[in-house]
Amino acid sequence: MKKTSLTAQKRSNPEDSAALVLRQFRLIFSSVRRHFQSIEKLAGVGGAQIWALSLIAKNPGLAVTQLFQAMDIHQSTASNLVRALLKSGLIHSEKSAHDKRVVELYPLPEGLKLLKKVQGPYSGVLPKALGELEPESLESLRRDLDRLIQKLEVDESSAKTPMALM
């Protein structure tokens, strides 16, 4: 007997549809959690640290400001990630030759070695999957999730927390 996906199942009433959507969220969160758990088990550091490390490796000399912008996270969260990567000996930092107020980040050989060991996507499976959606689908999803968020009591600050840290 052939399995059908949750999205292929027909639902006749709103309660059934709500249950189906809730199951879809569970599948998404489970997939995200499993991905980050496998990264942490393999690498010994968290998924957010791996993502930050990958950005630093891709852009040697990256400033902390650029890092938190690229990851779309709070500056303090990026600073904590950088501190952990420095302490782990995966990156090093130095003052910019052009502006001594700017700290530039560089990968160390151990950091590059670690990235080769870890399977991507470094940013996580959800950002990767979202990036693969057609623009129209992504915009429709954004609008629908916005309506859902309006029905919830949300902590706006959590929007800038990497899912690997949730």
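Residues numbered from 1 in each chain as written. Predicted model: local features only at pLDDT ≥ 70, side-chain atom pairs only at ≥ 80, totals over all residues. Heavy atoms only, no water.

S.K.: So what exactly am I meant to see when it comes to the pattern of salt bridges here?
M.R.: A side chain of one charge can pair with a side chain of the opposite charge when the charged atoms of the two come close. What the rule picks out here adds up to six salt bridges. One salt bridge in this structure joins Arg101 and Asp99, with 2.9 Å as the shortest N-O distance. When its relative accessible area of 23% is taken as the criterion, Asp99 is described as partly exposed. For Glu139, the salt bridge goes to Arg142, with nearest N and O atoms at 2.6 Å. With Glu139 and Arg142 both in helix H7 (residues 135-150) and three residues apart, the pair spans about one turn of that helix. Using a relative accessible area of 32% as the deciding quantity, one classes Glu139 as partly exposed. Its relative accessible area of 45% is what places Arg142 among the partly exposed residues. Among the charged side chains, a network of salt bridges with common partners joins Glu139, Arg142 and Arg143. (Salt bridge = Lys/Arg side-chain N within 4 Å of Asp/Glu carboxyl O. Buried < 20%, exposed > 50% of the residue type's maximum accessible area, 1.4 Å probe, protein only. Helix = DSSP H or I, 4+ residues; strand = E, 2+ residues; numbered from the N terminus.)

S.K.: Looking at this structure, how should I read the sheet that holds strand E2 (residues 91-95)?
M.R.: Strand pairing in a sheet takes place through backbone hydrogen bonds and is either antiparallel or parallel in direction. On the basis of which strands lie adjacent, the open sheet formed by three strands has the order E1-E3-E2 and antiparallel pairing. Each of the sheet's edge strands pairs with one partner strand only, and the pair in question is strand E1 (62-63) and E2. Pairing of E1 with strand E3 (residues 103-107), which is carried by two bridges, proceeds in the antiparallel orientation. Opposite Leu62, over in E3, you have Leu105 as the bridge partner. (Pairing = 2+ DSSP bridges.)

S.K.: It is not clear to me how a nonpolar patch on the surface should be interpreted in this structure. Could you clarify?
M.R.: A cluster of nonpolar side chains, namely Leu130, Leu133, Leu138, Leu141, Leu145, Leu148, Ile149, Leu152 and Val154, defines an oily patch on the protein surface of about 650 Å² accessible area. Per element, the largest residue contribution to the nonpolar patch is five residues, and it comes from H7. Of note, Val154 is situated in the segment after H7. (Patch = residues over 30% accessible without salt bridge, like charges linked within 9 Å, V, L, I, M, F, W, Y side chains within 5 Å. Areas by Shrake-Rupley, 256 points an atom, 1.4 Å probe, with all protein chains shown as cover.)

That is the geometry; function is a separate question.
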